[in-house]
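# Report on the structure
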Amino acid sequence: MTALWTSADAVAATGGETTAEWTATGVSIDTRTIQPGDLFIALTDIRDGHDFVAQSLEKGAAAAMVSHRPDDVASDAPLLIVADVLEGLGALGIAGRARTQARVAAITGSVGKTSTKEMLRTVLDGKGKCHAAEASYNNHWGVPLTLARMPVDSDYAIIEIGMSNPGEISPLSKMARPHVAMITTVAAAHLAAFDDLTGIAVEKAAIMDGLEPDGIAVLNADIETSAVLQDYATKTGAKKVLFGKVADDWAVKDVRLTGNVTVITAAHRGQDYLFKLSVPGRHFAMNAVGVLAVAEALGVDPVAASLDIANWVPPAGRGRSEVISLDIADEGATLDLIDDAFNANPTSLTASLEVLAAATPRDGVGRVSKGRRIAILGDMLELGDEEVAMHRDIANDPFLNKLDLIHCSGPLMHHLWQALPEGQRGQWAETSTDLKGQVSRLVDAGDVVLVKGSKGSKVSLVVDAIRKLGHPRLQEK
C-alpha cells in the first residue's frame, strides 16, 4: 500500500519525537478495526487509548502516537511521543490538509449532514480520487482524523462538521480550510445548549470561518434563519450560492415522491434539471439540489452530477429502505422497513413521516388482511426546555393522518403517545429494549414500518429486532 505518513513527516507535523523510523499506510483510533500498517492514535475517551497501544502493535500497527510509553510496551517499540495526543492528532490533520491540492467541501447542518456528504461522495467518486469522512466523524477528533487519513493525491475531499455546543464548528472549519461550505438546514437540534434557533444558525454559519480565499457558501434559502446565514457570508466575504424553493441560484421547482424514488425538478441559470433519487424523501431532494450546487462550485459539471446522484442510497440508520422477507417459502410475505434510527428532531421527524405517509402498504399478505403504515418512534433528545411540548405537538403533524399505528418508546415519546387518537395509539414502552421484544406482534407482512429516534434512545434495537424476523434486502431501484 502507498505510504500515508513517514515517521519524519509525522514528527515535522506534530513536533513530537519518534523512537524508531516507521512508515504508516493508515491512521486508526480503534484496535477493533485497526489494520496492519496503521498509525494508532492513543486517544482518551471512556478508556485511555494508552491501554491499547500494546494490542495495536501486536495487530501490526506501524507505530503509536502517545504522550508517554505505557508500562506494557517494549522500550524499543515504534512510538511517536507528543505532549498531548488529541493536539497531536489535530496537528497531523492540519498537515494532512496542507500537503494536498484537493478541492475541499465542508458540510454542516442540523439535519442531513451525513446523507448529504454521501450524496456528494457518490457524485465526486467518478470525477477523480475522492476522500470523505467515515460514518459521522464530524467532531473534535473526527475532523482531524479524516484530514490525517487524506491521501496526498486526492482530487476532492468532503469533510463533515458537527457540533453539540457553541464554539465547536469554527476551529474545525479553520482546520479543514474548505473551498466550499454547505449548510443543509438549521433546525431545533441541540437546543439544550443554545438559547434559540438564531444561536444555532450563528454556530452553523461559523463553518464559513475557514473558507479559503474566494470560497463559496452554499446556503438553504428556505429556512427562517437563512438571513442569518447570508449575513454571515457577507461578513466573511464568501460568495453566496442559494438553493431552495425561493432561491434564485438553484431553484427547487417540484419534488414528487413516487413509489421508492423521488423525482426532482430544479432550475439554474436558465437551465432545467430533471433528475431522481433512488429513495423517497422531500428532505433528501432539497439537499440533493444543494449537492449539485456544491459540485458545480468544485468544478464538476452539474448535469453529470444530476445523473450520478441517482446511484446514491442512504447510509444505514438514516432513511435507508429495506425489504424484510418474513417467510422464505412465500415471496410475498415481506414488509418494508425504513431505518431512520440514528438521529431525530422535529424537523427530521416530519420529513420521515412524509415518506411513510407516501408509502404504499400491501393488502392480503399478512396475518392482518390490510397492510399498514406504522411508525415506531423513540425519544428526540437534546431539545432543551420545550422538549415535552415538542414531543406532544407531533400529534398535530399533518402526515400522521395517513398512518395506521404509532408505537412509542421512552419517557418523552410517552407525551406523544398520550396525545394520539385512540385508533392510532399502538404500544408504548419505557425503553426501546422493552419494545424490541414485542416486534413480532407489532408488525406484519404488507406493512411499511418507519423506525425513528435519536441515537441515545437506542431505537436502533427495534430495527435490529425487525431485521431478525427475516432476511433483509435493499429496496430495488
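First, a word on scope: everything that follows refers to the structure included in this document. (Residues numbered from 1 in each chain as written. Predicted model: local features only at pLDDT ≥ 70, side-chain atom pairs only at ≥ 80, totals over all residues. Heavy atoms only, no water.)

The number of helices and strands found in the protein chain is 16 helices and 23 strands. Relative to its 477 residues, the protein chain shows a buried fraction of 56%. In the protein chain, 63% of the contacts between residues at least 6 apart in sequence involve partners at least 24 apart. Of the accessible surface of the protein chain, which amounts to about 19,700 Å², a share of 49% is contributed by carbon and sulfur atoms. Measuring between centres, the 44 positive side-chain charges of the protein chain sit 5 Å from its 61 negative side-chain charges. (Helix = DSSP H or I, 4+ residues; strand = E, 2+ residues; numbered from the N terminus. Buried < 20%, exposed > 50% of the residue type's maximum accessible area, 1.4 Å probe, protein only. Contact = heavy atoms within 4.5 Å. Areas by Shrake-Rupley, 256 points an atom, 1.4 Å probe, with all protein chains shown as cover. Lys, Arg positive; Asp, Glu negative; His and termini not counted. Charge placed at Lys NZ, Arg CZ, Asp CG, Glu CD.)

A complete count under the given rule lists 3 aromatic pairs for this structure. Summarising the aromatic geometry, the rings of Y137 and W141 are spaced 5.1 Å apart at their centres and angled 65° between planes, so their arrangement reads as edge-to-face. Its end group placed over the ring of W5, R99 keeps NZ or CZ at 3.7 Å from the ring centre. Directly above the aromatic system of F342 lies the positively charged group of R318, at a separation of 3.7 Å from the ring centroid. (Phe/Tyr/Trp six-rings, centres within 6.5 Å; stacked < 30°, edge-to-face > 60°. Lys NZ or Arg CZ within 6 Å of the ring centre and 35° of its normal.)

What follows deals with helix 6 (residues 169–176). Of all 8 residues making up helix 6, 6 are buried, and the element is well covered by its neighbours. Within the span of helix 6, buried status applies to I169, S170, L172, S173, M175 and A176. The elements touched by buried residues of helix 6 are helix 3 (85–98), strand 8 (103–108), helix 5 (142–148), strand 10 (156–160) and helix 7 (197–205). Immediately downstream of helix 6, the backbone of R177 shows phi near 50°, a positive value.

If you trace the 9 strands from one edge of the open sheet to the other, you get 9-10-8-11-12-13-14-15-16, paired in mixed fashion. Every interior strand has two partners, whereas the edge strands, strand 9 (130–132) and strand 16 (271–277), have only one. Taking each pair of neighbouring strands and ignoring which way they run, the sheet shows an average axis angle of 20°. Looking at chain direction, strand 8 and strand 10 are connected through 5 bridges and run parallel. Among the inter-strand pairings, A105 is bridged to a residue of strand 10, identified as I158. Those strands touched by helix 8 (residues 226–236) are strand 11 (180–183), strand 12 (216–220) and strand 13 (239–244), and its axis lies near 170° from that of strand 12. (Pairing = 2+ DSSP bridges. Axes fitted to C-alpha atoms, helices over the stretch in contact; angles between N-to-C directions.)

Now for the packing of helix 7 against helix 8. Closest axis-to-axis distance for the helix 7/helix 8 pair is 9 Å, and the angle between their directions is 35°. By crossing handedness, the relation of helix 7 to helix 8 is classed as right-handed. Two secondary-structure elements touch here, helix 7 through T198, A201, V202 and A205 and helix 8 through V228, L229 and Y232. Broken down by class, the residue content of the contact of helix 7 with helix 8 amounts to 6 nonpolar, 1 polar and no charged. (Left-handed = near helix turned anticlockwise from the far one by under 90°. Nonpolar A, V, L, I, M, F, W, Y, C, P; charged D, E, K, R; others polar.)

Consecutive residues of a regular strand have side chains that alternate between opposite faces of the sheet. Two strands pair when backbone bridges link them, and strand 15 (residues 261–268) and strand 16 are joined in this way by 7 bridges, in the antiparallel orientation. Each residue of the ladder has a partner; that of A267, found in strand 16, is D272. In sequence, strand 15 turns back onto strand 16 through a hairpin of 2 residues, with R269 there showing a positive phi of about 50°.

Attention now moves to the pairing of strand 17 (residues 320–325). Of all the 6 residues making up strand 17, 5 are buried; the element is thus mostly covered by neighbouring parts of the structure. Where strand 17 meets strand 18 (residues 334–340), 6 bridges bridge the pair, whose relative direction is antiparallel. Considered in strand 18, the bridge of I324 is made with L335.

Turning next to the side chain of T225. Here T225 shows up in the loop between strand 12 and helix 8. Those residues in contact with T225, other than ones at most four positions away along the chain, are V186, L197, T198 and A201.

Below, the discussion takes up the sheet that holds strand 2 (residues 17–18). Pairing within the open sheet is mixed, and its 5 strands lie in the order 2-7-6-5-4. Both edges of this open sheet fall to strand 2 and strand 4 (26–28), since each of them pairs with a single strand only. In terms of strand pairing, strand 5 (residues 38–41) meets strand 6 (residues 63–66) through 3 bridges, oriented parallel. Opposite F40, over in strand 6, you have A64 as the bridge partner.

On to the packing of helix 4 (residues 113–125) against helix 9 (residues 282–297), then. Two numbers describe a pair of packed helices, the interaxial angle and the distance between the axes. Interhelical geometry of helix 4 versus helix 9 gives an angle of 45° and a closest axis separation of 9 Å. Judged by the angle between their axes, helix 4 and helix 9 are oblique. Crossing hand, helix 4 versus helix 9: right-handed. Counting all contacts with helix 4, which are made through S115, T116, M119, L120 and V123, the residues of helix 9 involved are F284, N287, A288, V291, V294 and A295. Its residues assigned to classes, the contact of helix 4 with helix 9 shows 8 nonpolar, 3 polar and no charged. (Parallel < 35°, antiparallel > 145°, perpendicular 65-115°, else oblique.)

With that settled, consider the nonpolar core. Core analysis: the biggest nonpolar cluster contains 41 residues, and V218 and L277 have the highest contact counts within it. Tallying contributions element by element places helix 9 first for this core, with 11 residues. Among all residues touching L277, those that are not within four sequence positions of it are M119, N260, V261, T262, I264, F284, A285, A288, I309 and W312. One finds A102, M150, A181 and L219 within the second-largest nonpolar core, a separate group that totals 35 residues. (Core = buried A, V, L, I, M, F, W, Y, C linked by side-chain atoms within 4.5 Å.)

Right, let's get into the pattern of salt bridges. Taken as a whole and assessed by the stated rule, the structure comprises 19 salt bridges. For D30, the salt bridge goes to R32, with nearest N and O atoms at 2.9 Å. Exposure remark for D30: the relative accessible area of 21% places this residue in the partly exposed category. The exposure class of R32 is exposed, given its relative accessible area of 72%. Here R372 ties to D447 by a salt bridge, and the two come within 2.7 Å at their closest N and O atoms. (Salt bridge = Lys/Arg side-chain N within 4 Å of Asp/Glu carboxyl O.)

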